[in-house]
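Chain by chain, the residues run as shown.
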Amino acid sequence: MPSLVVRNLDDSIINALKERAVKHHRSTEAEHRAILAEVLMKPQRKSFAEALANIPTVGTDTDFQRINDDTSESNVFD
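Model, not experiment: these values are computed from the prediction. (Residues numbered from 1 in each chain as written. Predicted model: local features only at pLDDT ≥ 70, side-chain atom pairs only at ≥ 80, totals over all residues. Heavy atoms only, no water.)

## Concerning the overall build of the protein
Across its full length, the protein carries four helices and zero strands. Beginning at the N terminus, the succession of helices and strands in the protein can be written as α-α-α-α. Burial analysis of the protein (78 residues in total) assigns 5% to the buried set. Of the roughly 8000 Å² of accessible surface on the protein, 55% is carried by carbon and sulfur atoms. (Helix = DSSP H or I, 4+ residues; strand = E, 2+ residues; numbered from the N terminus. Buried < 20%, exposed > 50% of the residue type's maximum accessible area, 1.4 Å probe, protein only. Areas by Shrake-Rupley, 256 points an atom, 1.4 Å probe, with all protein chains shown as cover.)

## Thoughts on the UniProt feature "domain: Antitoxin FitA-like ribbon-helix-helix" (unreviewed entry) in the protein
According to UniProt, the "domain: Antitoxin FitA-like ribbon-helix-helix" (unreviewed entry) feature falls on residues 2–39. As annotated, residues 2–39 comprises 66% helix and 0% strand, and the C-alpha atoms at either end are separated by 19 Å. (UniProt positions renumbered as here; feature names shortened; annotations may be inferred.)

## Notes on the pattern of salt bridges
Scanning the entire structure with this criterion turns up four salt bridges. Between E38 and R20 there is a salt bridge, with the nearest N and O atoms lying 3.3 Å from each other. With E38 in helix α2 (residues 28–40) and R20 in helix α1 (residues 11–23), the pair connects residues that are 18 residues apart, well separated along the chain. Here E38 falls in the partly exposed class, since its relative accessible area comes to 49%. When salt bridges with common partners are traced through the structure, they connect R20, R26, E31 and E38 into a single cluster. (Salt bridge = Lys/Arg side-chain N within 4 Å of Asp/Glu carboxyl O.)

## Examining α1
Count 3.6 residues to each turn of an α-helix, and residues three or four apart come out pointing the same way. Taking 1.5 Å of rise per residue, 13 residues should cover 18 Å, and α1 covers 18 Å from first to last C-alpha, within 8% of that figure. Positioned one or two residues after α1, H25 has a phi angle of 55 degrees, which is positive. (Expected span 1.5 Å × (residues − 1).)

## Observations regarding α2
Under the 1.5 Å per step criterion, the end-to-end length of α2 is 18 Å for 13 residues, consistent within 8% with the ideal 18 Å. The set of residues buried in α2 consists of A30, E31 and A34. Summarising the axial view, the buried residues of α2 lie within an arc of 100 degrees, below the 170-degree limit, and thus occupy one face. Within α2, the exposed residues directed more than 90 degrees away from the buried face are E29 and L40. (Arc of directions from axis to C-beta.)

## A few points about the packing of α1 against α2
Contact pair α1 / α2: the axes reach a minimum separation of 9 Å and the direction vectors enclose 95 degrees. When the axis of α1 is compared with that of α2, the two are roughly perpendicular. Touching L17, K18, R20 and A21 of α1 are T28, E31, H32, I35 and E38, all from α2. Tallied by class, residues from the contact of α1 with α2 come to three nonpolar, two polar and four charged. (Axes fitted to C-alpha atoms, helices over the stretch in contact; angles between N-to-C directions. Parallel < 35°, antiparallel > 145°, perpendicular 65-115°, else oblique. Contact = heavy atoms within 4.5 Å. Nonpolar A, V, L, I, M, F, W, Y, C, P; charged D, E, K, R; others polar.)

Shown next, in the form of structure tokens:
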């Protein structure tokens, strides 16, 4: 299996990794692998434009018209 060497890390990053490893009951190396997998292997999120493009084109504008009724919160207690 390939190896990865990360050089020139700030001490605060190394300490945070060690603390996180202890919290998850893992070695720092195992925690490092878990972080990389969590960040790099998660499904990619769609952009807002892609999400909008995937909305089905159903119905007509009249299907979504707002119906105004004369009831308002101020009239409820009159």
